Amino acid sequence: MTFRPLHDRVLVRRVTAEEKSAGGIIIPDTAKEKPQEGEVVAVGSGTLNEKGDLRPLDVKAGDRILFGKWSGTEVKLNGEELLIMKESDVMGILTA
């Protein structure tokens, strides 16, 4: 099954969190916070401006992004847990 977000929505795969703390302590799943970093899987076509022109999104598939702690809606597609969020929930794009 494939999924294509509509308008200004973005499909995101969370980046896995570290299993150990900086001091080497293994963190159990119940104590881990969900990561606020992810990889964009797919993006919508964009939004219409006042003139009716299509404004493409600033993010694209493959971008690594940061987003808010409570951003997005969790969905399960093809057995994988993903997030669907609006582009406005994205705080920024990470670059190397």
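Above this text you will find the structure in question.
From a predicted model like this one, the values you see are computed outputs, not experimental measurements. (Residues numbered from 1 in each chain as written. Predicted model: local features only at pLDDT ≥ 70, side-chain atom pairs only at ≥ 80, totals over all residues. Heavy atoms only, no water.)

J.: An account of the pattern of salt bridges is requested, with residue identities and associated values reported.
T.: The final tally for this structure, using the stated rule, is 7 salt bridges. The shortest N-O distance in the salt bridge between arginine 55 and glutamate 87 comes to 3.1 Å. Linking arginine 55 in strand 4 (residues 54-55) with glutamate 87 in the loop between strand 7 (80-86) and strand 8 (90-94), this pair joins segments that are 32 residues apart in sequence. Ionic contacts of the salt-bridge type, sharing partners, join the residues Arg13, Glu39 and Glu80 into one network. (Salt bridge = Lys/Arg side-chain N within 4 Å of Asp/Glu carboxyl O. Helix = DSSP H or I, 4+ residues; strand = E, 2+ residues; numbered from the N terminus.)

J.: Account for the pairing of strand 5 (residues 64-67), naming residues and giving values.
T.: Because side chains alternate across strand 5, one face comprises the buried residues Ile65 and Phe67, and the other comprises Arg64 and Leu66, none of which is buried. Relative to strand 5, strand 2 (residues 37-43) is paired through 3 bridges, and the arrangement is antiparallel. Of the residues in strand 5, the one forming a bridge with glutamate 39 is arginine 64. (Buried < 20%, exposed > 50% of the residue type's maximum accessible area, 1.4 Å probe, protein only. Pairing = 2+ DSSP bridges.)

J.: So what about unusual backbone geometry? Which residues, and what values?
T.: Most peptide bonds are trans, and most residues other than glycine sit at a negative phi. One non-glycine residue, histidine 7, lies in the positive phi region at around 50°. You can see histidine 7 is positioned in the segment before strand 1 (9-14). Taking the relative accessible area as the measure of exposure, histidine 7 reaches 49% and is therefore partly exposed. Unusually for a residue other than glycine, asparagine 78 sits at a positive phi of about 50°. With respect to the helices and strands, the residue asparagine 78 is situated in the loop between strand 6 (73-77) and strand 7.

J.: Which residues make up the sheet that holds strand 5, and what values do they have?
T.: Pairing is antiparallel across the open sheet formed by 6 strands, whose spatial order is 6-7-1-2-5-8. Two strands bound the open sheet, and with one partner strand each, they are strand 6 and strand 8. Strand-to-strand twist in this sheet, taken as the mean axis angle between neighbours without regard to direction, amounts to 45°. Note: strand 1 against strand 7, 4 bridges, orientation antiparallel. (Axes fitted to C-alpha atoms, helices over the stretch in contact; angles between N-to-C directions.)

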